[in-house]
Every structure is written in C-alpha cells, then in structure tokens.
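Architecture and fold: a report
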Amino acid sequence: MESSKNISSLTDLELLDLFKKNNDNSIVGILFKRYTHLMMWVSMKYLRDEDEAKDCVMEIFEKLLSELNRYEIKNFKSWLHVVTKNHCLMKLRKDKTKFAERIEHGETSLEIVEMNLLLHPEDADEKEEVLLLLEKGIQHLKKDQKTCVELFYLNKKSYQEIAELTGYTMLNVKTHIQNGKRNLKIYMEKNHGS
C-alpha cells in the first residue's frame, strides 16, 4: 500500500481502482473529503436546510462504501453529483408535504410559475412529475441554452454575470434563455401526461 501522502495525490479514478483492489475505506474517505463541499452545495440546493444537508452528505458517504464496487465510474465528480441529487430528491419524495410546499413557494430548480409550465397540477404527485419532466427537458436543450437557463434560474445569475462567465454577449445570453424557455415549454407540453 502506498503512503497516505502519495495516495492523496492520486486522481479520482486511480483512487477508485485502488479502493476496488484493496477495499480500504480510508481511500473512499479521501474522495469524500475531496468532494464534501460539492455534496453539501447540491444538498443545500435541494433540501434548503443545513442539518438535513449534513445528514444527507453522511448518508451518501455510507452509501459510497457499500456501492462503489458495483459501478464502472468514468467521471467520479459527475457521478457523485448525480448520486447526491438523486439522494436529495428521494428524501424530498419521502416527505411529500415538504416537497409540495417547496413547489408552491417557487423553491424549485426553475421558476416554473414564470415559465407557465406547471399547467396547474392539482396534487403533489403531479407536481413532482412535472418537476422531474422539467429536469429531463433541461437535459434536452442545446448546450448554450442549457448553460444559460441553468445559470439564470438555478444559480440566480444576472444576464451580465452569465455573459462574463460564458463569454457570450448580453444579446446571446438573452436569446439563449428565451429560446431555452420556449424549447422547455414545447418539451413539457409534448411530454406532460404521456
């Protein structure tokens, strides 16, 4: 086994390979420490409660110990982001009341009310379905539209900040957001209820 200093300098994929060979939990601890901030950020984004987010991060760490060997992971950071997001969504689904309240108060991943995409669902199950469909729709947007829509709605960035971050002109940013919203609306209308 390599020294702990050498292990810490390994890439994510090298650490994963080492973990699969040695089944040493301290190796997962290095990955966990490396990405705790990412998991906390994602958990806070969805759960909006620091204690719940901390609990979620610890639950994911325990999950990693038992499940890492089951997956062929090419990009650990992206994979962990998805695992964390899904874990948070499952937590929210279990507490349907909290999920429904968050939708009612517009604390969703996109401001659905502004986009007129909610189509007035009557219950929490239908609202949940709309949110999941919306997330799928975002993934179907062109890269520039997806980037601008996520920065504007998820990260609450201004047109100016998005232009600075992406290198697009202000006009491009506005166009990408408008086209993204239009394409999301088309996607939602086409796939809602199907």
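Not measured: the values here are computed from a predicted model.

Let's talk about the pattern of salt bridges
- With the rule as written, the count across this model stands at five salt bridges.
- Its salt-bridge partner being Arg 70, residue Glu 67 comes within 3.7 Å of it at the nearest N-O pair.
- With a relative accessible area of 59%, Arg 70 lands in the exposed category.

Examining the environment of Thr 175
- Relative to the assigned elements, Thr 175 resides in helix H11 (residues 170–191).
- The exposure class of Thr 175 is partly exposed, given its relative accessible area of 31%.
- Sequence-wise, Thr 175 and Cys 148 are 27 residues apart; in three dimensions their C-alpha atoms are separated by 9.4 Å.

Overview of unusual backbone geometry
- Although it is not a glycine, Asn 23 adopts a positive phi angle of roughly 50°.
- In the Ramachandran plot, Arg 48 falls in the positive-phi region, its phi being about 55° despite a non-glycine side chain.
- On the secondary structure map, Arg 48 appears in the loop between helix H3 (25–47) and helix H4 (50–67).
- Its relative accessible area of 46% is what places Arg 48 among the partly exposed residues.

Side note on the confidence of the model for the chain
- Across the chain, pLDDT averages 78, with 77% of residues at or above 70.
- For the chain, the element scoring lowest by mean pLDDT is helix H7 (residues 112–115), at 37; helix H2 (residues 12–22) scores highest, at 92.
- Across residues 106–124 the pLDDT falls below 50, and counting only partners more than four positions away or on other chains, this stretch makes 42 contacts in the model.

Here's the deal with the packing of H3 against H4
- Put simply, H3 and H4 touch, their axes get as near as 8 Å, and they point 145° apart. The chirality of how H3 crosses H4 is right-handed. Facing H3, whose interface residues are Asn 25, Val 28, Gly 29, Phe 32, Thr 36, Met 39, Met 40, Ser 43, Met 44 and Leu 47, H4 presents Glu 50, Glu 52, Ala 53, Lys 54, Cys 56, Val 57, Met 58, Ile 60, Phe 61, Leu 64 and Leu 65.

Observations regarding the layout of surface pockets
- Its volume calculated, the largest pocket comes out at about 540 Å³.
- Sorting the residues of the lining of the largest pocket by element identifies H3, helix H5 (76–94), helix H8 (124–139) and helix H9 (143–154) as the ones contributing at least two each.
- The greatest single-element share of the lining of the largest pocket, amounting to six residues, is contributed by H9.
- Along the lines of polarity and charge, the residues of the lining of the largest pocket split into seven nonpolar, six polar and seven charged.

So, the environment of Leu 165
- On the secondary structure map, Leu 165 appears in helix H10 (residues 159–166).
- With 14 residues separating them along the chain, Leu 165 and Leu 151 place their C-alpha atoms 9.3 Å apart.

Thoughts on H9
- The terminal C-alpha atoms of H9 lie 15 Å apart, and with twelve residues this matches the ideal 16 Å at 1.5 Å per residue to within 8%.
- Those residues of H9 not exposed but buried are Gln 145, Cys 148, Val 149, Leu 151 and Tyr 153.
- Lys 156, located one to two residues past H9, shows a positive phi value of around 55°.

What about the packing of H9 against H11?
- Two elements in contact, H9 and H11, have axes whose closest approach is 8 Å; the angle formed by their N-to-C orientations is 95°. When the axis of H9 is compared with that of H11, the two are roughly perpendicular. Mapping the contact onto sequence places Asp 144, Gln 145, Cys 148, Val 149, Phe 152 and Tyr 153 in H9 and Val 173, His 176, Ile 177, Asn 179, Gly 180, Lys 181, Asn 183 and Leu 184 in H11.
- Here the residues of the contact of H9 with H11 sort into seven nonpolar, five polar and two charged.

Procedures and definitions
Residues numbered from 1 in each chain as written. Predicted model: local features only at pLDDT ≥ 70, side-chain atom pairs only at ≥ 80, totals over all residues. Heavy atoms only, no water. Salt bridge = Lys/Arg side-chain N within 4 Å of Asp/Glu carboxyl O. Buried < 20%, exposed > 50% of the residue type's maximum accessible area, 1.4 Å probe, protein only. Helix = DSSP H or I, 4+ residues; strand = E, 2+ residues; numbered from the N terminus. pLDDT = per-residue confidence, 0-100. Contact = heavy atoms within 4.5 Å. Axes fitted to C-alpha atoms, helices over the stretch in contact; angles between N-to-C directions. Left-handed = near helix turned anticlockwise from the far one by under 90°. 1 Å grid on protein atoms, 1.4 Å probe; cavity = no way out; pocket = protein on both sides within 12 Å on 5 of 7 lines; lining within 4 Å. Points joined across faces, edges and corners; volume = space filled by probe spheres on them. Nonpolar A, V, L, I, M, F, W, Y, C, P; charged D, E, K, R; others polar. Expected span 1.5 Å × (residues − 1). Parallel < 35°, antiparallel > 145°, perpendicular 65-115°, else oblique.

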